Amino acid sequence: MLLSCDDEKQIEPPWDNFSVEVNSIRWEGATQIHHYFNSNDSLAILGIIPEPEGLIELGIKFQGAGEYPLTGINCAYHATIGHDARIGEYRFDPNNLGKLVITEYEPKTKFIRGTFEVELKKVFANPDTVPDILIFREGKFEGKIQED
């Protein structure tokens, strides 16, 4: 945290970074982190990627710092136009387990930082010439858990 002479004028750094290597290409964007349905234990971590335009969605049953498996419906990638019209979707591949690691969590400030790796399989895509599998490696995120 950066402080001025006046403690009331605190300036926080932009804790909303997201990056990941996808099929050997680096994607970077912003993070949105919030609880699902106003619960305190179901956490959604969204990576908003401007190029190629899309949204990475990771969900966990949150219990603080530690390692979490990425399985089933709790992880997906949506290729989009205008960040709302979906032109492609990739979902969890049960043959390739993923993991998400919360490396830092500060309950007082709600700051969270972590890493992830997962492979997702194409459900549909337009155009259909995109890869059948997206391999997410060296994923990193940091941000503050937003209150709804």
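Reading guide: rules and limits
Residues numbered from 1 in each chain as written. Predicted model: local features only at pLDDT ≥ 70, side-chain atom pairs only at ≥ 80, totals over all residues. Heavy atoms only, no water. Pairing = 2+ DSSP bridges. Helix = DSSP H or I, 4+ residues; strand = E, 2+ residues; numbered from the N terminus. Polar contact = N/O pair within 3.5 Å; in protein donor to acceptor, adjacent residues only side chain to side chain. Contact = heavy atoms within 4.5 Å. Core = buried A, V, L, I, M, F, W, Y, C linked by side-chain atoms within 4.5 Å. Buried < 20%, exposed > 50% of the residue type's maximum accessible area, 1.4 Å probe, protein only. Salt bridge = Lys/Arg side-chain N within 4 Å of Asp/Glu carboxyl O. pLDDT = per-residue confidence, 0-100.

### What to know about the pairing of strand β2 (residues 25-35)
Both strand β1 (residues 16-22) and β2 contribute to a ladder of 6 bridges, which runs antiparallel. Its bridge partner being in β2, Glu 21 is matched across the sheet by Arg 26. The hairpin turn running from β1 into β2, its antiparallel successor, is 2 residues long, and Asn 23 in that turn takes a positive phi close to 50°. The pairing of β2 with strand β10 (residues 133-146) spans 2 bridges and is parallel. Opposite Ile 33, over in β10, you have Ile 145 as the bridge partner.

### Observations concerning the side chain of Glu 142
Along the chain, the position of Glu 142 falls in strand β10. Here the side chain of Glu 142 touches Asn 17 through a polar contact of 2.8 Å, side chain to side chain.

### Some remarks on the environment of Pro 50
Residue placement: Pro 50 occurs in strand β3 (residues 42-50). Pro 50 sits 30 residues away from Thr 80 along the chain, and the two C-alpha atoms are 9.6 Å apart. Setting aside chain neighbours within four positions, we find Pro 50 in contact with Glu 28, Gly 29 and His 83.

### Some remarks on the nonpolar core
With 29 residues, the main nonpolar core has Trp 27, Ile 56, Tyr 77, Leu 100, Ile 102, Phe 116 and Phe 136 as its most contacted residues. Those residues in contact with Ile 102, other than ones at most four positions away along the chain, are Ile 45, Ile 60, Phe 62, Gly 64, Ala 65, Gly 66, Tyr 68, Ile 112, Arg 113, Gly 114 and Phe 141.

### A few points about the pattern of salt bridges
Should their charged atoms come close, side chains of opposite charge can pair. Enumeration according to the criterion identifies 7 salt bridges in this entry. Note that Glu 89 is salt-bridged to Arg 91, the shortest N-O span being 2.8 Å. Look at Glu 89 and you get buried, because its relative accessible area is 12%. The shortest N-O distance in the salt bridge between Glu 142 and Arg 113 comes to 2.7 Å. With Glu 142 in strand β10 and Arg 113 in strand β9 (residues 111-125), the pair connects residues that are 29 residues apart, well separated along the chain.

### What about the environment of Tyr 105?
By the element assignment, Tyr 105 lies in strand β8 (residues 98-106). Overall, the relative accessible area of 25% leaves Tyr 105 in the partly exposed class. Taking C-alpha positions, Tyr 105 is 9.7 Å from Glu 142, a pair spaced 37 residues apart along the chain. Each residue touching Tyr 105, except ones within four places of it in the same chain, is listed here: Phe 62, Gly 64, Ala 65, Lys 110, Phe 111, Ile 112 and Ile 145.

### Let's talk about the confidence of the model for the protein chain
For the protein chain, the mean per-residue pLDDT works out to 86, and 88% of the residues sit at or above 70. Across residues 1-11 the pLDDT falls below 50, and counting only partners more than four positions away or on other chains, this stretch makes 7 contacts in the model.

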